[in-house]
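These are the residues of each chain, in order.
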There are 2 protein chains.
Amino acid sequence: MAEPIKRLPKLPVERALKVIAGRWKPVILYYVFCGPKRLSELKRMMPEITQKVLIQQLREMEEHGLVRREVFAEVPARVEYTATELGLGLEPVLLALCQWGQRHAEAQNEIADIADCIVRPRKASFAA
Amino acid sequence: MAEPIKRLPKLPVERALKVIAGRWKPVILYYVFCGPKRLSELKRMMPEITQKVLIQQLREMEEHGLVRREVFAEVPARVEYTATELGLGLEPVLLALCQWGQRHAEAQNEIADIADCIVRPRKASFAA
DNA sequence: CTGTATCCGTGCCGATACTG
DNA sequence: CAGTATCGGCACGGATACAG
């Protein structure tokens, strides 16, 4: 019991992939990059994800230093998830992935679909 | 039955991740980027990977248009795997992932480990 | 509102043996 | 040399119910 603290891969690329490749992580990061988000907000923004899984993914990203979890001792307990410096460093990387994904979608077959453009320039750093 | 031809995700980032995130894909790409490689070569270069899995990964990457498989009708049958244009477009992306992985390794805990530097500049485009 | 506990399908990967 | 067939483990994610 009590997580043996899963070791990350030694090779940098694999390490990076391991850390971002969760089913919902890119999307979560997309929102969190725009500013601190509460759990309930994230839930509303991604209606398809289960709460359990959402928290799971957040926990992992926290453990990997991508996001920071802050609890505010208020009346209705409030919790905010914020991107760390390390996490923000993923913006260009995710952007690159996104762009290549576009190229791939076009080259491969169907239309570009939802231009999701994961990362918007670091402006308006608080809630959308 | 008969592969429903697994749909790739609609969102570009997820699509890209899905395509690269195989257990051995980054490493395989690393070698293939340096020039066409035979199956036996790849096996020798990555002693840890199973032949079945190696072929599996190659098949998927072929299906996704990252590598091209060429059979040469020679006496001892020869097969070469080469990176496609689309595949080569991943070099900068993998490089970005690699670099961020380094930062992460340092920031997180242990030393930089094996500086794996997945992608080397497009030179010496044939066998190492 | 935020979070935990349980159960379970499925996908990915590995080991091993066999074939043209 | 290049490839297929089989079997099985295990992590991941999803559904659902419950708790502080």
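Owing to the predicted nature of the structure, the values given are computational and were not obtained by experimental measurement. Residue indices follow the written sequence of each chain, beginning from 1 at its first position. Chain labels run from A onward and ligand labels from 1 onward, assigned in the order the entries are written. For a predicted model such as this one, the threshold for reporting local features is a pLDDT of at least 70, and the threshold for listing and counting side-chain atom pairs is 80 or more; totals across whole chains, interfaces and linings nevertheless cover every residue. Each side-chain value is worked out from all heavy atoms of the structure, with water and hydrogens disregarded.

Caption draft 1: Up close: the overall build of chain A. Regarding its fold elements, chain A presents 6 helices and 3 strands. Secondary structure elements in chain A, listed N-terminal to C-terminal, are α-α-β-α-α-β-β-α-α. Burial classification: accessible surface area is computed with a 1.4 Å probe over protein chains only, and a residue below 20% of its type maximum counts as buried, one above 50% as exposed, and the rest as partly exposed. By residue count, 47% of the 128 residues in chain A fall in the buried class. Considering only residue pairs separated by 6 or more positions, chain A has 53% of its internal contacts joining residues 24 or more positions apart. Elements are defined by DSSP. Helices are runs of H or I of four residues or more, strands are runs of E of two residues or more, and each kind is numbered from the N terminus. Only heavy atoms enter the contact rule, under which two residues are in contact if any of them lie within 4.5 Å.

Caption draft 2: Inspection of the packing of aromatic side chains at higher detail. Pairing of aromatic rings covers Phe, Tyr and the six-membered ring of Trp, with a centre-to-centre limit of 6.5 Å; geometry is then stacked below 30 degrees between planes, edge-to-face above 60, and tilted otherwise. Enumeration over the complete set of coordinates arrives at 2 aromatic pairs over all chains. Of note, Arg23(B) hangs over the ring of Trp24(B), and the distance from its end group to the ring centre comes to 4.3 Å. When the NZ atom of lysine or the CZ atom of arginine is within 6 Å of a ring's centre and also within 35 degrees of its normal, the charge is said to sit over that ring.

Caption draft 3: Molecular detail of the environment of Val75(A). Residue and element names in this part refer to chain A. Mapped onto the fold, Val75 is located in the loop between β2 (67-72) and β3 (78-83). According to the relative accessible area criterion, Val75 is exposed, its value standing at 82%. Distance from Val75 to Gln56, taken between C-alpha atoms, is 25 Å for residues 19 residues apart in sequence.

Caption draft 4: Up close: the nonpolar core. To define a nonpolar core, start from buried Ala, Val, Leu, Ile, Met, Phe, Trp, Tyr and Cys residues and group those joined through side-chain atoms within 4.5 Å. Counting 63 residues, the largest nonpolar core has Leu90(A) and Leu90(B) as its most contacted members. With residues near it in sequence (within four places) discarded, Leu90(B) still touches Trp100(A), Ile20(B), Leu29(B), Phe33(B) and Leu66(B).

Caption draft 5: Seen up close, the protein's contact with DNA strand C. To be near a molecule or strand, a residue needs just one of its heavy atoms within 4 Å of it. Surrounding DNA strand C, one finds 20 residues, the nearest of these being Ser40(A), Gln51(A), Arg69(A), Arg23(B) and Lys52(B). Sugar and phosphate atoms represent 64% of those atoms of DNA strand C found within 4 Å of the protein. Polar contact is the term for a pair of N or O atoms within 3.5 Å; when the atoms are in protein, one must be able to donate a hydrogen and the other to accept it, and sequence-neighboring residues count only if both atoms are side-chain atoms. Within the contact set of DNA strand C, a phosphate oxygen lies 3.5 Å away from a side-chain nitrogen or oxygen of Arg59(A).

Caption draft 6: Spotlight on the pattern of salt bridges. Every case where a carboxyl oxygen of Asp or Glu lies within 4 Å of a side-chain nitrogen of Lys or Arg is listed as a salt bridge. Evaluated as defined, the whole model comprises 8 salt bridges over all chains. In this structure, the salt-bridge partner of Glu14(B) is Arg23(A), at a minimum N-O distance of 3.7 Å. Within this pair, whereas Glu14(B) is found in helix α1 (residues 12-20), its partner Arg23(A) is found in the loop between α1 (12-20) and α2 (25-32), the two belonging to separate chains. Arg78(B) serves as the salt-bridge partner of Glu74(B), at 2.9 Å between the closest nitrogen and oxygen. Relative accessible area serves as the criterion here: at 42%, Glu74(B) is assigned to the partly exposed category. Beyond isolated ion pairs, a larger network of salt bridges with shared partners links Glu74(A), Arg78(A) and Glu80(A).

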